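Here is how the chains run, residue by residue.
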Amino acid sequence: MALRTPRGYNATMRAPELVVSLLAACLAAACRAPTAAPDAAMAATDTHSFAEPDRVRSTHVDLDLTLDFDAARVRGAATHTVERRDPGAPLVLDSDGLRVDRVHDQDGAELVCTESPPDPVRGTRLSIELLPDTERVTIHYATTDAGEALQWLGPEQTSGEMPFVFTQGQAILTRSWIPVQDSPAVRVTWSARVAAPPGLVPLMSADERGRAGERWTFAMTRPVPPYLIALACGDLTSREISARCAVWAEPAVVDAAARELADLERMVAACEQLFGPYRWGRYDVLILPPSFPFGGMENPCLTFATPTILAGDKSLVALIAHELAHSWSGNLVTNATWRDFWLNEGFTVYLEQRIMEHLYGAERAAMEIALGVQGLQKELAELPPKDQVLHVDLTGRNPDDGMTAVAYDKGAAFLRRLEQVFGRPRMDAFLRAWFDEHAFQSVTTAAFRAFLDERLLRTDPARAAEVDVALWVEAGGLPADGPVPDSALFDAVDAALAGLRAGAAPAAL
């Protein structure tokens, strides 16, 4: 996933960081001669959303949008299909910087919408009073300059001569371009019609894409959390990799991107072999313009990726392995609240490492793991104890504060420890059951711990005694039993550096 601010850790930036780390080592050497079901998911209150889905829940969102590049605005309407569990309750949505113009139901009857004063973290609470027969609620609105999810790029920020726009919804930014129940526990299907200027192609994170007249059409037929609704629009073209995989980019970049990502289908097939069927239809990758400030984002069916992965030798494709792995951990089985974020990212880093090992060998995976743990240890030295916990308390804080190396690499280390103790075959069977039995659900840390206890720990009490789950999940720091594989290649680098320091001639190494 990608972050909107540089303060958090971004695992998907680890591919570029790998290059930086290796370059730094080379330079140093030269210079020094060196959900459960949805209701259960909501049992843990999402403190980052105003939504009250236990009373009135949005189940489907239909969007009708126009992209205004001149004004840097999105204008249109969002229609929510609602499930009314409390007939007298309002529909409560999240908003942040949106201008609401009009609200009505499926019959055109005007509905009263009340906006709260803005909260510095959550934005604005939209409370919409429903009539007795209200089944659908339409909000006519426009975005404003306050909308952080939308990034409008001028031609000078792209690889061509056309402007570009993209969205970044995670963690709680979708509410700044769509009025939604912006909680990862509220999964929705959605559809969209998008009008764009001539010559520009809109794309969305959808499993159905088409065109009807002047509007481009999209649909996501599988329920997803709102942060995974994504849009990009620019001078875009594509290259097919396989029947279900393609690369999208600006024309000047697309051929290089297709060569670099030629292993997309192999990656999808490897993940299916390891962790079960790919359930999203297509898997495409969109290479964003040069000014894209993130590593990548796992939007369903359409990963957004930085152009810095186009190294020419496939050395940075771990980023794609990471975003693809989210198709199981994060998109298929999602954290119910942002304090459960490690269930997305710790699992995904573990899966990413398994994909890299499957495709490129154990030594490549060992190098990736070693660098990840190195970064984790560095960040642990800087984080306060309360933020070193996997199940981190983010009450009253921006969820970005929990997007650190702890969620990513400490979470992955916990899963590697379970694999080390119980063996890979049993670990793989456990993970596949986790994904299969929680598909398209949002889950809490408590739900995972209960599943872990039932399906793995109780099956072998002697081995279970070797893993202190509470220490891993609820305590700070990295437990002493965290496994770090040896890397023969890094050992060779260290040996060469030692020889240089001892006075050996470089040509003799």
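Chemist: When you look at the packing of aromatic side chains in this model, what are you seeing that I'm missing?
Modeler: Ring pairs (aromatic) are described by centroid distance and by the angle formed between their planes. Counted under the stated rule, the structure contains 20 aromatic pairs. Both rings, one in Phe275 and one in Phe435, keep their centres 6.4 Å apart while their planes meet at 85°; by these two values the pair is edge-to-face. Linking Phe275 in helix H4 (residues 264-275) with Phe435 in helix H9 (residues 424-437), this pair joins segments that are 160 residues apart in sequence. Residue class for Phe435 comes out buried when judged on its relative accessible area of 0%. Taken together, the ring pairs in this structure connect Trp342, Phe347, Phe414, Phe430, Trp434, Phe448, Phe451 and Trp472 into an aromatic cluster. Above the face of the Tyr360 ring, Arg364 is positioned so that its terminal group lies 5.4 Å from the ring centre.

Chemist: Explain the pairing of strand S2 (residues 73-84) here, please?
Modeler: Regular strands place side chains that alternate from one sheet face to the opposite one. Two elements, strand S1 (residues 56-68) and S2, share 12 bridges in a ladder whose sense is antiparallel. Bridging across to S2, Ser58 finds its partner in Val82. In this structure, the hairpin formed by S1 and S2 is closed by a connection of four residues, where Ala72 is found at a positive phi of approximately 55°. Relative to strand S7 (residues 136-142), S2 runs antiparallel, the two being bridged by seven bridges. The residue of S7 that forms the bridge with Thr79 is Thr138.

Chemist: Any chance you could explain the sheet that holds strand S3 (residues 91-95) here in plain terms?
Modeler: Note on sheets: strands pair through backbone hydrogen bonds, and any given pair is parallel or antiparallel. Taken together, the three strands give an open sheet; going across it, the order is S3-S6-S5, and neighbouring strands pair in antiparallel fashion. Both outer strands of the open sheet, S3 and strand S5 (113-115), are each paired with one neighbouring strand and no more. Averaged over all adjacent pairs, the angle separating strand axes in this sheet is 25°, with direction ignored. Here S3 runs beside strand S6 (residues 124-128); their pairing, made up of five bridges, is antiparallel. Bridging across to S6, Val92 finds its partner in Ser127.

Chemist: Mind showing me how you'd approach the sheet that holds strand S11 (residues 201-204) here?
Modeler: Read from one edge to the other, the open sheet built from four strands follows the order S8-S9-S14-S11, with strand pairing classed as antiparallel. The sheet is open, and its two borders are formed by strand S8 (150-153) and S11, each paired with just one other strand. Along the sheet, successive strands turn relative to each other by an average axial angle of 15°, direction set aside. Bridge count between S11 and strand S14 (residues 231-234): four bridges; the pairing is antiparallel. What sits directly across from Met204, in S14, is Leu231.

Chemist: Even after reading the chapter, I still don't get unusual backbone geometry, so can you show me in this structure?
Modeler: Trans peptide bonds make up most of the peptide bonds, and negative phi angles are found at most residues other than glycine. Cis geometry marks the peptide bond from Gln170 to Ala171, where omega comes out at 10°. Residue position: Ala171 is located in the loop between strand S9 (164-167) and strand S10 (188-195). The phi dihedral of Cys301 is positive, around 70°, even though this residue is not glycine. We note that Lys314 has phi near 65°; this positive angle belongs to a residue other than glycine. Note that Lys314 resides in the loop between strand S19 (302-305) and helix H5 (318-325).

Chemist: So what exactly am I meant to see when it comes to the environment of Pro251 here?
Modeler: Considering the arrangement of structural elements, one finds Pro251 in the loop between strand S16 (245-249) and helix H3 (254-260). If we skip the residues at most four places from it in the chain, Pro251 touches Asp235 and Thr237.

Chemist: I'm lost on the side chain of His80 in this one. Help?
Modeler: Assignment of secondary structure puts His80 in strand S2. Here the side chain of His80 touches Pro179 through a polar contact of 2.7 Å, landing on its backbone oxygen.

Chemist: I tried to follow H9 on my own but got confused; where do I start?
Modeler: Because an α-helix packs 3.6 residues into every turn, residues spaced three or four apart end up facing the same way. Between its first and last C-alpha atoms H9 spans 20 Å; for 14 residues at 1.5 Å apiece the expected length is 20 Å, and the two agree. All buried positions along H9 are accounted for by Met427, Asp428, Phe430, Leu431, Ala433, Trp434 and Phe435. In this structure, the buried residues of H9 make contact with H4, strand S20 (333-335), helix H6 (342-360), helix H8 (405-422), strand S21 (441-443) and helix H10 (445-457).

Calculation notes
Residues numbered from 1 in each chain as written. Predicted model: local features only at pLDDT ≥ 70, side-chain atom pairs only at ≥ 80, totals over all residues. Heavy atoms only, no water. Phe/Tyr/Trp six-rings, centres within 6.5 Å; stacked < 30°, edge-to-face > 60°. Helix = DSSP H or I, 4+ residues; strand = E, 2+ residues; numbered from the N terminus. Buried < 20%, exposed > 50% of the residue type's maximum accessible area, 1.4 Å probe, protein only. Lys NZ or Arg CZ within 6 Å of the ring centre and 35° of its normal. Pairing = 2+ DSSP bridges. Axes fitted to C-alpha atoms, helices over the stretch in contact; angles between N-to-C directions. Contact = heavy atoms within 4.5 Å. Polar contact = N/O pair within 3.5 Å; in protein donor to acceptor, adjacent residues only side chain to side chain. Expected span 1.5 Å × (residues − 1).

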